[in-house]
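Coordinate analysis (summary)
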Amino acid sequence: MSTTAAPTPTPTQATFKPSYLARAIAAFSGWPGLVVKVAFLGVVNALAVWAATVLADQSNWPAFGVLVLFTLLIDLIYLVPRRPGLIPLKFIVPGTVFLIAFQIAPILYTVNVAFTNYSTGHIISKSGAITAIKENSLQPAQSGTTYAMAAARDKNGDLVLILQDSTSGKTYVGTKKGLTPIPRAAVTLKAGAITGATGYTLVPVKELAAIGQQLTDFHVPIGENAAIQPQGFDTAVPLQPTLRYDPERGVFVRISDGAVFRDNGLGSFVSSSKEELEPGWATHVGFRNFSRAIHDPLIRKPFLRVLIWTFVFAGSTVFLSFALGLFLAITLDKPGLRFQRGYRSIMVIPYAIPSFLSLLVWGGLLNDDFGVVNNLFHVHIPWLFDPWMAKVSVILVSTWLTVPYFFLVAMGALQAIPKELVEAAKVDGGGAFQIFRRVTLPLLLVATAPLLIASFAFNFNNFNNIYLLTGGGPATNDQPIAGATDILISYTYKLAFATGKGNDYALASSIAIVIFFIVATVSGLSFWRTKALESVR
Amino acid sequence: MSTFDEAARAPAVPAPVAAEAPAPRRPLLAGNWWRHLVAIVAIVICLFPVVYIASAAFSANPSLTGASAIPSKLTLHNFGLLLHGSTATSEQTFASVHYVRWFVNSMIVCFSTAILTVLLGALAAYAFSRFRFTGRRMGMLFLLLIQMFPQLLAIVAIYLIVLKVGGVVPQIGLNTLTGLVLVYMGGALGVNTWLLKGFFDTIPADLDESARVDGATPAQVFWGVVLPLATPVLAVVGLFSFVFTLNEFAIVSALIGTKNNFTLPLGMRGFIDQQYGQHWGPFAAGVLIAAIPAVLLFQFLQRYIVSGLTAGGVKG
């Protein structure tokens, strides 16, 4: 394999003068290092003890066990005196702990979520869903009974409702546990409104608005499945269930018409007429998310469009950037060219500026109304708001960002090509272009192929270049979530976190897995071909 | 040997002839004028946004309309708007901008992540470079494979994990910078480890040996011999990690919810989003300030970067 002979600074020199940084680092080989190590172990153990008490408090025993095991293991590795087998572990463990916690565990979790229906409306467990459906099915009863109501606090400061049945005149205290009658005399009434109750403090009127949501959610259970619920700040109505849960058959039955809602195996109760009860629950659904991308036209169309565009975007960005970077490198790679160093240092400026800034700036420069580009050329091109122009703009801006990288790479690689080869080709009568075509380019490609592949893989998941420039937009007709410039990763992000359109964590995770397989295949094939892996000795 | 020498000397003979030959053979590309032309065009394209941002930052006009390459009057007005936001007319618009917070947050997160990444990566690379143990080769290959599944892909799972961790230890849960840095640490091993191991391999093992003979422990060899000699590659890995973290948008936006804890990408995108007309001047000022740390680091470490780039790809 050809090497781009990296001009690595030689570690050993005749007169050895370590830099300040090097000396600062070396200081850690003495007592400062030991202090840091002991302090670090102390912090780890303290954190672990703290987390363990909380986990024990929550009765989360599996997590508790894992935590204790890992902490003991770490202490063992660092505190047991010299066991040759343990020494490499001392160096590998710190990074590995984080690798497991925030890279491997998330991957396994992603794979797990990809085979579920975890999404808005399917977040909670089945038993939680059953309870929620029961509560949702409560409707104001037909009887027409209403209660005069006042929100109050008991001796403990807990919220209660003081209630008076408007027909019978009986008075009650309603808590989250149930309804308790209290003597009529204990309640002060003024023109049908409750103004006081012995033993309770009424919530002042001006504070009612602040607890509005709390009141709406306040259910006083009465009898089997029924409840009393506040309506506004001074009345309450009895509620009755419209659905009955049959635990033996595991189905809901609608009381009015006897319709049966069965578990459809996909996390929902569904009737024979396809009516679905909300909410559903999270459950494993096998390969359904993947088959949705193939069979469901609502997902297949945007998915295919996004997939193709992702390849086009990554491929053309890498190709254009490499071609331009190489062209610039060759142009400037001429011994004795004036201003050579000046040109070079200016050309790498886009590489030194953090790309998120450049992307936001380009977003402004290409703005169709106020943008500098349109003003400068006195045109009105919708750079970012026309589906096709936006695609072109995204590729151009990405190229602008990437050319300096390949310029640097190509310069390094050009200098590493043995001059004798080029000279020999000249002797054999090769023209400038022919020498480039048959000698320089092949050698360059061998040296830079891994970088080209890595750049492709990087751009395949270049979330920022899309999201910070166009936000994935402009919107398209076929689907509300995927815009014209969305690549797979930004589409995934929007599926999971797009506000207002629900969170489809499951579909997002399954697309993430598809991305992984694409990138792994492309990279694997090319790494295999370039045999980069041989260098593992 | 002598025949080879003659062959090598051969081209020297026709060269002067070609130089003396009359123009028609290569009239167009003779000389270097076209190289300068290409370079100047490239520089204009490279500097185009930079010039406009700099002029917008120092111009008196805070809006994008009528922006020009050279402002008519240089002022620091836009910097004032960005940092204080107290001008009467724009109080409302800039009240929600916490630029200084965002900048400080970004610096805290980026420097912690860069330093810890270098440290964790170097520790692992030292083990892979200097010790022979079972699973060593597998470990290296595994680190390469795991790169195909960047954290960005597992963003949903990371969100859910941090949410649950925050339920136990709120200090590292959602909406905390500490939690964010810890998540970034998950990506500390990987390409970095390969890069560092490649460099450590070039440091002669004899140096370790002599230190060991003098009674140094492996940890002392690591801190006292290998790391100081690897300063250049540590700087490069640190810089890459710094820049990567500074640019990171997706994970921050999933984990951080309140404006006070935003980092620069999140804050500045919200600031400029759909507001190009009104916010352009202060935004440009913000861009200039935000670019300073990375550009300075880049200039400072430039001589190491080219070698770092090629070493990473070719040597693996």
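Within every chain, residues take consecutive numbers counted from 1 along the sequence as written. Throughout, the order in which chains and ligands are written sets their labels, letters from A for the former and numbers from 1 for the latter. Where local features are concerned, this predicted model is filtered to residues with pLDDT of at least 70; where side-chain atom pairs are given and counted, the filter is 80 or more; whole-chain, interface and lining totals use all residues.

Helix numbers and strand numbers start at the N terminus; a helix is a DSSP run of H or I with at least 4 residues, a strand a run of E with at least 2. When helices and strands are counted, chain A shows 19 helices and 15 strands. A total of 537 residues make up chain A; the buried ones form 33% of that total. Within chain A, contacts between residues at least 6 apart in sequence are counted, and of these 57% link residues at least 24 apart. Residue burial is a threshold on neighbouring C-beta atoms within 10 Å of the residue's own C-beta, all placed from the backbone, with 20 or more meaning buried, 12 or fewer meaning exposed, and counts in between meaning partly exposed. The contact criterion used is a C-beta to C-beta distance within 7 Å, with each C-beta placed from the backbone.

With that settled, consider the overall build of chain B. Per the secondary structure count, chain B includes 16 helices and zero strands. Expressed as a percentage of its 316 residues, the buried residues of chain B come to 45%. Across chain B, every contact between residues at least 6 apart in sequence was considered, and the portion connecting residues at least 24 apart equals 72%.

On to unusual backbone geometry. All names here are of chain A. Phi is positive for S59, close to 55°, though the residue is something other than glycine. Looking at the element boundaries, S59 is found in the loop between helix 2 (31–57) and helix 3 (61–79). You will see that F339, though not glycine, has its phi angle at about 60°, which is positive. In this fold, F339 is placed in the loop between helix 9 (297–332) and helix 10 (340–347).

All right, on to the domain arrangement of chain A then. Residues and elements named next belong to chain A. In this document the domain limits rely on a domain assignment from an automatic tool or a database. With domains assigned, chain A is organised as domain 1 (31–114), domain 2 (139–241) and domain 3 (294–535). If you average the C-alpha positions of domain 1 and of domain 3, the two centres end up 39 Å apart. Across the contact, four residues belong to domain 1 and six residues belong to domain 3. Side-chain classes follow a simple rule in which Ala, Val, Leu, Ile, Met, Phe, Trp, Tyr, Cys and Pro form the nonpolar group, Asp, Glu, Lys and Arg form the charged group, and the remainder, Gly included, forms the polar group. Its residues placed into classes, the side of domain 1 that touches domain 3 shows three nonpolar, one polar and no charged.

Let's shift gears to the pairing of strand 4 (residues 171–174) of chain A. Residues and elements named next belong to chain A. Judged by which residues are buried, strand 4 turns out to be covered on both faces: T171 and V173 on one side and Y172 and G174 on the other are all buried. Strands are treated as partners if at least two bridges between them are detected by DSSP. Bridge count for strand 3 (residues 159–165) against strand 4 is four bridges, and the pairing is antiparallel. Opposite I162, over in strand 4, you have V173 as the bridge partner. The turn linking strand 3 back onto strand 4 is made up of five residues, and G169 within it adopts a positive phi angle of 80°. Two elements, strand 4 and strand 5 (residues 179–181), share three bridges in a ladder whose sense is antiparallel. Looking across to strand 5, one finds that G174 is bridged to L179. Here strand 4 hands over to strand 5 after four residues, the two strands then running antiparallel side by side.

This part takes up the interface of chain B and chain A. Between chain B and chain A, the residue contacts involve 92 residues of the former and 94 residues of the latter. With 17 residues, helix 16 (residues 276–315) of chain B is the single largest residue contributor to the side of chain B that touches chain A. Partitioning the side of chain B that touches chain A into residue classes produces 72 nonpolar, 16 polar and four charged.

A few words now on the confidence of the model for chain A. pLDDT measures the predictor's confidence residue by residue and takes values from 0 up to 100. Across chain A, the average pLDDT comes to 83, with 94% of residues at or above 70. Confidence, expressed as mean pLDDT per element, reaches its minimum in chain A at helix 7 (residues 212–216) of chain A with 77 and its maximum at helix 17 (residues 463–467) of chain A with 93.

The next thing to look at is the nonpolar core. What makes a nonpolar core is a set of buried Ala, Val, Leu, Ile, Met, Phe, Trp, Tyr and Cys residues, with links drawn between C-beta atoms within 7 Å. Grouped together as the largest cluster of nonpolar side chains are 180 residues, with contacts concentrated most on A:F407 and B:I155. A per-element tally of this core places helix 6 (residues 99–130) of chain B first, with 15 residues. Both domains that furnish three or more residues to this core are identified here as domain 1 (31–114) and domain 3 (294–535) of chain A. Those residues in contact with A:F407, other than ones at most four positions away along the chain, are A:G325, A:L328, A:A329, A:M347 and A:V348. Counting residues in hydrophobic clusters, the runner-up holds 21 residues, among them A:A151, A:V160, A:A197 and A:F218.

What follows deals with the packing of helix 15 (residues 419–427) of chain A against helix 16 (residues 432–460) of chain A. Residues and elements named next belong to chain A. Interaxial distance between helix 15 and helix 16 falls to 10 Å at its minimum, and their mutual angle equals 145°. Regarding helix 15 and helix 16, the two cross each other, and that crossing is right-handed. Residue-level inspection shows L421, V422, A425 and K426 of helix 15 in contact with helix 16, the latter providing I435, V439 and T440. For the contact of helix 15 with helix 16, a count of residues per class yields five nonpolar, one polar and one charged. In this analysis, axes come from line fits to C-alpha atoms, helices being fitted only over the stretch in contact, and the angle between any two N-to-C directions falls in the range 0 to 180 degrees. Handedness of a crossing follows from how the near helix is turned relative to the far one, being left-handed for an anticlockwise turn of less than a right angle and right-handed for a clockwise one.

For the rest of this paragraph, the subject is the pairing of strand 3 of chain A. Residues and elements named next belong to chain A. A large share of strand 3 lies buried, amounting to five of its seven residues. Where strand 2 (residues 147–153) lies against strand 3, seven bridges are found, and the strand directions are antiparallel. If you follow A151 over to strand 3, its bridge partner there is L161. The loop that links strand 2 with its antiparallel partner strand 3 comprises five residues; one of these, G157, has a positive phi angle of about 85°.

On to the packing of helix 4 (residues 87–114) of chain A against helix 8 (residues 155–168) of chain B. Packing of helix 4 of chain A against helix 8 of chain B brings their axes to within 8 Å, and their N-to-C directions diverge by 110°. Considering their axes alone, helix 4 of chain A and helix 8 of chain B lie roughly perpendicular with respect to each other. Touching A:F102, A:A105, A:P106, A:Y109, A:T110 and A:V113 of helix 4 of chain A are B:V156, B:A157, B:I158, B:L160 and B:I161, all from helix 8 of chain B. Looking at the contact of helix 4 of chain A with helix 8 of chain B, its residues break down into 10 nonpolar, one polar and no charged. The labels follow the angle: roughly parallel below 35 degrees, roughly antiparallel above 145, roughly perpendicular from 65 to 115, and oblique for the rest.

Here we take up the sheet that holds strand 15 (residues 269–271) of chain A. Residue and element names in this part refer to chain A. Here four strands make up an open sheet; going across it, the order is 12-13-14-15 and the pairing antiparallel. Both outer strands of the open sheet, strand 12 (243–246) and strand 15, are each paired with one neighbouring strand and no more. Taking the axes of each pair of neighbouring strands and ignoring which way they run, one obtains an average angle of 30° across the sheet. With three bridges joining them, strand 14 (residues 260–263) and strand 15 adopt antiparallel strand pairing. Its bridge partner being in strand 15, D263 is matched across the sheet by F269. Packing of helix 5 (residues 126–136) onto the sheet brings it into contact with strand 12, strand 13 (251–254) and strand 15, and relative to strand 12 it is tilted by some 150°.

For the rest of this paragraph, the subject is helix 13 (residues 231–247) of chain B. Taking 1.5 Å per residue, 17 residues should reach 24 Å; helix 13 of chain B reaches 24 Å between its end C-alpha atoms and fits that length. For helix 13 of chain B, a buried count of 16 out of 17 residues is recorded, marking the element as mostly surrounded by other parts of the structure. Between the first and last residue of a helix there are one fewer steps than residues, each counted as 1.5 Å, and that sum is the expected span.

Once that is clear, we can look at the environment of A:G363. Residue and element names in this part refer to chain A. You can see G363 is positioned in helix 12 (residues 355–365). Linking G363 and L384, residues 21 residues apart in sequence, is a C-alpha distance of 7.9 Å. Sequence-distant contacts of G363, that is, excluding residues within four places in its chain, are made with L384, L468 and L469.

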